[in-house]
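Per-entry structural report
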Amino acid sequence: MLRSVEQKRQGPVAGDEVDPRVTELRSAVARLRRRLAAHPGEFADRSIAEEELAALDAMAADGVPEIPRLRRSLLLIAGAIGSVSALSPGLAEVRRAVDRFGGPVRGQG
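Residues numbered from 1 in each chain as written. Predicted model: local features only at pLDDT ≥ 70, side-chain atom pairs only at ≥ 80, totals over all residues. Heavy atoms only, no water.

1. Details of the packing of helix 2 (residues 20-38) against helix 5 (residues 88-99)
Two elements in contact, helix 2 and helix 5, have axes whose closest approach is 9 Å; the angle formed by their N-to-C orientations is 160°. On the basis of their axis angle, the class for helix 2 and helix 5 is roughly antiparallel. Crossing geometry of helix 2 relative to helix 5 is assigned as left-handed. Listed contacts from helix 5 to Glu24, Leu25, Ala28, Val29, Arg31, Leu32 and Arg35 of helix 2 are Pro89, Gly90, Leu91, Glu93, Val94, Arg96, Ala97 and Val98. Of the residues contributing to the contact of helix 2 with helix 5, the split by class is nine nonpolar, one polar and five charged. (Axes fitted to C-alpha atoms, helices over the stretch in contact; angles between N-to-C directions. Helix = DSSP H or I, 4+ residues; strand = E, 2+ residues; numbered from the N terminus. Parallel < 35°, antiparallel > 145°, perpendicular 65-115°, else oblique. Left-handed = near helix turned anticlockwise from the far one by under 90°. Contact = heavy atoms within 4.5 Å. Nonpolar A, V, L, I, M, F, W, Y, C, P; charged D, E, K, R; others polar.)

Laid out in structure tokens, this is it:
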């Protein structure tokens, strides 16, 4: 079923169930986006972090996202804002939300 943007904002259609992992991811991403927007300092990779957070939100809004793409976005965000200590709690929250989709990847490089 096709849904308008307004219907997506209002929530699921009767009978549709929202994956709680998706809800958690969208919430964590929204909080980190707000923290990033409020952060007064400028840093070289800020735009990368903003773009990847937007991509994560878009993936989650479309339903259950692809795990490899989630992890790639998380890696790019971590690389972009990892040294900004004020944003590290939000980054950790997004990482936990991403990990709920399949746990940490080990032994792959």
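2. Structural notes on helix 3 (residues 46-61)
Note on helix geometry: an α-helix contains 3.6 residues per turn, so any two residues three or four positions apart are oriented the same way. In a regular helix each residue adds 1.5 Å, so 16 residues correspond to 22 Å; helix 3 covers 23 Å between its end C-alpha atoms and thus fits that length. For helix 3, every residue scored as buried is listed here: Arg46, Ala49, Glu52, Leu53, Ala55, Leu56, Asp57, Met59 and Ala60. Positive backbone phi, approximately 125°, marks Gly63, located one or two places after helix 3. (Expected span 1.5 Å × (residues − 1). Buried < 20%, exposed > 50% of the residue type's maximum accessible area, 1.4 Å probe, protein only.)

3. Some points on the pattern of salt bridges
Summed over all chains, the structure comprises 11 salt bridges. Glu52 is paired through a salt bridge with Arg69; the nearest N and O atoms lie 3.3 Å apart. In this pair, Glu52 sits in helix 3 while Arg69 sits in helix 4 (residues 67-81), placing the two residues 17 residues apart along the sequence. Glu52 gets classed as buried once you look at its relative accessible area, which sits at 10%. (Salt bridge = Lys/Arg side-chain N within 4 Å of Asp/Glu carboxyl O.)

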